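Spelled out from the first residue to the last, the chains are:
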Amino acid sequence: MNTTTDVTTDARADARAAQIADEAGERRFNELLASESRVEPSDWMPEGYRKTLIRQISQHGHSEIIGMQPESNWIARAPSLKRKAILMAKVQDEAGHGLYLYSAAQTLGVDRETMFDQLITGKAKYSSIFNYTTPTWADMGSIGWLVDGAAICNQVPLCRVSYGPYGRAMVRICKEESFHQRQGFEILLELMRGTDAQKEMAQESVNRWYAPALMMFGPPDEDSPNSKQSMAWNIKRFSNDDLRQRFVDMLVPQAEILGVTLPDAALRWNEERGHYDFGDLDWSEFHEVLAGRGPANTIRVSRRREAHENGAWVREAARAYADAQAESRRGLVA
Amino acid sequence: MSHSTNHIASTAITPESIAQSLASSSDLPDVAVATYALGLGDDALVLAQRLGEWIARAPELEEDVALGNIGLDQLGHARSFLTYAGSAFGKTEDELAYFRDEPEFLNHQLFEQPNGDFAQTIAKQMIASVYFVALYRGLAASNDAMLAAIAAKAAKEVDYHLDHCVQWVKRLGLGTAESNRRMQRGLEVMWAFADELFRSDAPTDSLVALGIAVSPSSLRPAFDALVPPLIVASGLTVPVTTFTRGGGRAGLHSESLGPLLAEMQVLARAHPGASW
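Residues numbered from 1 in each chain as written. Chains lettered and ligands numbered in written order. Predicted model: local features only at pLDDT ≥ 70, side-chain atom pairs only at ≥ 80, totals over all residues. Heavy atoms only, no water.

1. Some points on the packing of helix α3 (residues 61–89) of chain B against helix α7 (residues 145–174) of chain B
Residues and elements named next belong to chain B.
Then step 1. Interaxial distance between α3 and α7 falls to 10 Å at its minimum, and their mutual angle equals 160°. On the basis of their axis angle, the class for α3 and α7 is roughly antiparallel. As for the relative orientation of α3 and α7, their crossing is left-handed in sense. Of α7, the residues touching α3 (which contributes Glu-63, Ala-66, Ile-70, Asp-73, Gln-74, His-77, Ser-80, Phe-81 and Tyr-84) are Met-146, Leu-147, Ile-150, Ala-154, Glu-157, Val-158, His-161, His-164 and Trp-168.
Then step 2. Across the contact of α3 with α7, the residue classes break down as 10 nonpolar, 5 polar and 3 charged. (Axes fitted to C-alpha atoms, helices over the stretch in contact; angles between N-to-C directions. Helix = DSSP H or I, 4+ residues; strand = E, 2+ residues; numbered from the N terminus. Parallel < 35°, antiparallel > 145°, perpendicular 65-115°, else oblique. Left-handed = near helix turned anticlockwise from the far one by under 90°. Contact = heavy atoms within 4.5 Å. Nonpolar A, V, L, I, M, F, W, Y, C, P; charged D, E, K, R; others polar.)

Rendered as structure tokens:
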């Protein structure tokens, strides 16, 4: 019996069967996209689609986890007990968002340890905005109003993303984010109705966060090479520049209610376009922070690494306990 | 007359609803009741402040959420008790939290102790939770309707806190040699502050006689029935330590409260009279 030939024949048959399955899977995948339906974890999907989603969802999860830090900076010093409670709840929501997102990424075949390892070794990216620092209380207002506001503009379309687990996680996240944005607005409103020192604190903070918040939508469309494919896959629904415009249009009337000045001399209503014009952004600043040279890149990653390493013995104990319990249950059954 | 017989729905009670109902009420607590509420509020506030320090530092994300949740519950209890206490002194919860100095804080010393490692935090939180469960169950039957309502709501929440801590004491005690060593050390550190929780004092005793307060010493049997067996079942040893002198209810504190308050109060005090 010639085993080599048998193996080769089997391998060929397997490859052929796989190819047929792939072709059927691809047809179905394209049908799902064409009919605006959801792709689920058990469905066939192109490797590029899977990789793009793993990257995007895990980065999004990392952003939530790193994003806890600039705000947790003010939990201990929050100036009223009500604000302290709201801030604690908000940071806790962010941990929850990180968990939903990691779970969504896990359905694509990556485990949490791998994602966490990429985060704490500095290999993974997360939203650059969290590499800025929060020196004043007003920054809690600016993060809510501007940063969460920009996040909502980005994330509402993601509720309709083609990948089911991601879209469903986003529905829940968006509900909480809109609460976060409102409370940020409320912090700034209270400051702007307060003493001169409070008004100054609010304006100074908005001055620092405005441009970085606008850059959260990513580079201008002509410099965003991956966008086209993501749009074809129903992952991305609107271009970076469209979303940025939508955000600016939303901000201007809100800034008027607050009584803060948006630090952009070119900001004015364009009757013809039906939108606000706004000034050019300093993209060299964006790329600097992205390259790790922001105000707090090293601090953010090392703080998360420290928490993870300091907790290693706790996780190990929980695992050992669970193993021992499983062992004794098996003993009882036997 | 503080101990009205009006029933206050405990499920809907919030610091805001308490403030609102007291604003239009002639039924404010007297100084003795308010001082008692102040002590309870300070216990919860100082503990919440410590728990907040864990956020974004916990051993895993689930624990970030859990400790944050426990801290939030404690902060809610603090706000309710302080709002009630403040109504007797014409002060808001924030005026009490941010503009009193260290000797005016009446919390037991256990709550101000630094977090230490995760095991030490769990040891503290476990002792605290056993105390709160027994205290709030008793206080839910208080002749003071407001204290009863706040306690009835809090009692349900601290039940979960206790369960969370019991689960961790077992896991750390029975997990690995290192977790056992750390859990034992955490217990040793916090044990010295447990006794203070169960010591009676004259002002509380006079309210106990009126059916308003819960006698601290009456809570001891519940602690003794639960904690030493849990420790032993978790492969740990019940600590044998001398107890601290205590005095938190009289404004005497360890060296840890001052820095905690300095941090908590810094911004509010930099802008006196401001609203946030």
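Read on, since the account is not over.
2. Considering helix α10 (residues 220–233) of chain B
Then step 1. Compared with the 20 Å implied by 1.5 Å per residue over 14 residues, the 20 Å span of α10 of chain B between its first and last C-alpha is a close match.
Then step 2. Within two residues after α10 of chain B, Gly-235 of chain B carries a phi angle of roughly 75°, on the positive side. (Expected span 1.5 Å × (residues − 1).)

3. Description of the interface of chain B and chain A
Then step 1. Contact with chain B, which involves 48 residues of that partner, is made by 45 residues of chain A.
Then step 2. Contact between chain B and chain A buries roughly 4000 Å² in total, counting both sides, with carbon and sulfur atoms accounting for 68%.
Then step 3. One can count 2 salt bridges joining chain B with chain A.
Then step 4. Measuring nitrogen to oxygen at the nearest pair gives 2.4 Å for the salt bridge that ties Glu-62 of chain B to Arg-112 of chain A.
Then step 5. In this assembly, chain B and chain A are joined by 15 residue pairs in polar contact (both at pLDDT 80 or more).
Then step 6. Of all the elements in the fold, those that place two or more residues in the side of chain B that touches chain A are α2 (31–52), α3, α4 (93–98), α6 (118–139), α7, α8 (177–191) and α11 (257–270) of chain B.
Then step 7. No other element matches the 11 residues that α3 of chain B contributes to the side of chain B that touches chain A.
Then step 8. Each residue belonging to the side of chain B that touches chain A can be placed in one class, and the counts come to 24 nonpolar, 10 polar and 14 charged. (Buried area = accessible area lost by both parts, 1.4 Å probe. Salt bridge = Lys/Arg side-chain N within 4 Å of Asp/Glu carboxyl O. Polar contact = N/O pair within 3.5 Å; in protein donor to acceptor, adjacent residues only side chain to side chain.)

4. Overview of the packing of α6 of chain B against α8 of chain B
All names here are of chain B.
Then step 1. Two elements in contact, α6 and α8, have axes whose closest approach is 8 Å; the angle formed by their N-to-C orientations is 50°. Judged by the inter-axis angle, α6 sits oblique to α8. At the point where α6 passes α8, the crossing takes the right-handed sense. Contact residues: Ala-119, Gln-120, Ile-122, Ala-123, Lys-124, Met-126 and Ile-127 in α6; Arg-182, Met-183, Gly-186, Leu-187, Val-189, Met-190 and Trp-191 in α8.

5. Quick word on the layout of surface pockets
Then step 1. In this structure, the largest pocket encloses a volume near 1400 Å³.
Then step 2. Elements with a contribution of two residues or more to the lining of the largest pocket: α2 (47–66), α6 (138–155), α7 (164–192), α9 (227–232), α10 (240–258) and α11 (283–293) of chain A.
Then step 3. For the lining of the largest pocket, the element with the most residues is α2 of chain A, which contributes 7 residues.
Then step 4. Tallied by class, residues from the lining of the largest pocket come to 22 nonpolar, 17 polar and 10 charged.
Then step 5. Of the voids in this model, the second largest pocket is the one considered here, and its volume is about 410 Å³.
Then step 6. What lines the second largest pocket is a set of 18 residues, and nearest its centre among them are Arg-112, Glu-113, Arg-315 and Arg-319 of chain A together with Glu-60 of chain B.
Then step 7. If one sorts the elements of the lining of the second largest pocket by residue count, helix α13 (residues 312–333) of chain A sits on top with 4 residues.
Then step 8. Taken together, the residues that form the lining of the second largest pocket break down as 7 nonpolar, 2 polar and 9 charged. (1 Å grid on protein atoms, 1.4 Å probe; cavity = no way out; pocket = protein on both sides within 12 Å on 5 of 7 lines; lining within 4 Å. Points joined across faces, edges and corners; volume = space filled by probe spheres on them.)

6. Here's the deal with the confidence of the model for chain B
Then step 1. Mean pLDDT for chain B: 94, with 96% of residues reaching 70 or above.
Then step 2. Confidence drops under pLDDT 50 across residues 1–5 of chain B; counting only partners more than four residues distant or on other chains, this segment forms 16 contacts. (pLDDT = per-residue confidence, 0-100.)

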